[in-house]
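Structure assessment
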Amino acid sequence: MAKNPRTDSPAPENGAGDAPDAPKVGKGAPTPSRAAQEAARKRPLVPNDRKEAARQARARSADARERARLGMAAGEEKYLPVRDRGPQKKYVRDYVDARFSIGEVLIPVMFAVIVLTFIPSTQVQTIGIFALWAFFLISVVDVIILGALLKRKLAAKFGADRVERVRWYAAMRALQLRPLRLPKPQVKRGQYPS
């Protein structure tokens, strides 16, 4: 028994259903010859205008770098380096950015001590050095407290068994001036993450 499908609808007349200038593609279109396929695939290995091609490549590369720079500054996950990726690192960044850390002003204090060393008085220089060391120790204590707080908060939010080691990451971010941090702070002061 032959499997010949029976059609109840009449066959369309030639050219009745097709657009006159639409080329047929896929099944129902004739297979292109090998010469036509090879001609379509052929591209020159070296462009005709090398300077123009190099200029376009440089422009594309610069555009991609600019997009990556802006994406990293904005905190977009796909543009962040591996050390900054993940929900826990984002939580740490937001928490550190929401709080005032004493270490933020460590660089300006160091600069002030350098200026004090130019004063010829030994007593002023000694006071400046002791003040710098005291400030440094206070900053270290502040960073240790920050690490303990973050460890507890991350365990409460993500589970105690899933907490990453983020103390060093938090400390390095807390010791930077706020405008120089990358990715840029996404929260305002006092706007702690939930």
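Coordinates for the structure precede this section.
Reference entry: report on the structure contained in this document. Each residue is numbered by its place in its chain's sequence as written, counting from 1. Where local features are concerned, this predicted model is filtered to residues with pLDDT of at least 70; where side-chain atom pairs are given and counted, the filter is 80 or more; whole-chain, interface and lining totals use all residues. Where side-chain values are given, they derive from all heavy atoms of the structure, hydrogens and water being excluded.

Some remarks on the overall build of the protein chain
Let me state the cut-off plainly: The way it works is that DSSP assigns letters per residue, a run of H or I at least four long becomes a helix, a run of E at least two long becomes a strand, and they are numbered from the N terminus. Burial status follows relative accessibility: with a 1.4 Å probe on protein chains alone, a residue under 20% of its type maximum counts as buried, one over 50% as exposed, and anything between as partly exposed. The criterion used for residue contact is that any of the two residues' heavy atoms lie within 4.5 Å.
Tallying secondary structure elements over the protein chain gives 6 helices and 0 strands in all. Taken from the N to the C terminus, the helices and strands of the protein chain come in the order α-α-α-α-α-α. For the protein chain, the residues scored as buried account for 22% of the 194 residues in total. Long-range pairs, those at least 24 residues apart, make up 70% of the contacts in the protein chain with a sequence separation of at least 6.

Let's talk about the packing of helix α5 (residues 122-158) against helix α6 (residues 167-174)
Heads up, the rule is: Inter-axis angles, ranging from 0 to 180 degrees, are taken between N-to-C directions of lines fitted to C-alpha atoms, where helices are fitted over the stretch in contact. Orientation categories follow fixed angle ranges, with anything under 35 degrees roughly parallel, anything over 145 roughly antiparallel, 65 to 115 roughly perpendicular, and all other angles oblique. Handedness of a helix crossing follows the sense of rotation of the near helix relative to the far helix, less than a right angle counterclockwise being left-handed and clockwise being right-handed.
Interaxial distance between α5 and α6 falls to 9 Å at its minimum, and their mutual angle equals 130°. In terms of orientation, α5 and α6 fall into the oblique class. In terms of crossing hand, the pair formed by α5 and α6 is right-handed. Note on element contacts: α6 touches α5 through R167, A170, A171 and A174, opposite V143, I144, L146, G147, A148, L150 and K151.

Some remarks on the pattern of salt bridges
Note the following rule: Put simply, a salt bridge is a Lys or Arg side-chain nitrogen that is within 4 Å of an Asp or Glu carboxyl oxygen.
For the structure shown, the criterion picks out 10 salt bridges. Note that E66 is salt-bridged to R69, the shortest N-O span being 2.7 Å. A residue pair is termed a helical-turn pair when its members lie 3 or 4 positions apart in one helix, as E66 and R69 do in helix α2 (residues 50-74) at 3 residues. Across the pair R181 and D97 runs a salt bridge, and its minimum N-O distance is 2.7 Å. With a gap of 84 residues between them, R181 in the segment after α6 and D97 in helix α3 (residues 87-98) connect regions that are remote in the sequence. You can call R181 buried: its relative accessible area is 0%. Take D97: its relative accessible area is 1%, and that puts it in the buried class. Put simply, D97, E104, R173, R181 and R189 are held in one network by salt bridges that share partners.

Concerning unusual backbone geometry
Each neighbour pair has its own omega, and for L182 with P183 the value is -10°, a cis peptide bond. With respect to the helices and strands, P183 occurs in the segment after α6.

Remarks on the packing of aromatic side chains
Test applied: Stacked, edge-to-face and tilted labels apply to pairs of Phe, Tyr and Trp rings (six-membered ring for Trp) whose centres lie within 6.5 Å, assigned for plane angles under 30 degrees, over 60, and everything in between, in that order.
The full count for this structure, using the stated rule, is 3 aromatic pairs. With a centroid separation of 6.3 Å and an interplanar angle of 90°, the aromatic rings of Y91 and F158 are classed as edge-to-face. Placement of Y91 in helix α3 and of F158 in helix α5 is noted, with a sequence separation of 67 residues between them. Take Y91: its relative accessible area is 8%, and that puts it in the buried class. Judged by centre distance (5.9 Å) and plane angle (85°), the ring pair of W133 and F136 falls under edge-to-face. On the criterion of helical spacing, the pair formed by W133 and F136 is a turn pair, its members being 3 residues apart in helix α5. The class for W133 is exposed, based on a relative accessible area of 52%.

Focus on the packing of α3 against α6
Rule in force here: Three classes are used: nonpolar for Ala, Val, Leu, Ile, Met, Phe, Trp, Tyr, Cys and Pro, charged for Asp, Glu, Lys and Arg, and polar for all others, with Gly counted as polar.
Where α3 contacts α6, the axes come no closer than 10 Å and their chain directions differ by 35°. Seen along the crossing, α3 lies across α6 with a hand that is right-handed. Contact with α3, carried on its side by K89, V92, R93, V96 and D97, involves Y169, A170, R173 and A174 of α6 and no other residues of that element. Grouping the constituent residues of the contact of α3 with α6 by class yields 5 nonpolar, no polar and 4 charged.

Topic: the nonpolar core
For the record, the criterion: We call a set of buried Ala, Val, Leu, Ile, Met, Phe, Trp, Tyr and Cys residues a nonpolar core when their side-chain atoms join them within 4.5 Å.
Core analysis: the largest hydrophobic core is formed by 11 residues, namely Y91, V92, Y95, V96, L146, L150, L154, V166, Y169, A170 and A174. Taken together, the elements giving at least two residues each to this core come down to α3, α5 and α6. It is α3 that provides the largest number of residues to this core, a total of 4 residues. Sequence-distant contacts of V92, defined by excluding residues within four places in its chain, comprise L150, L154, V166, Y169 and A170.

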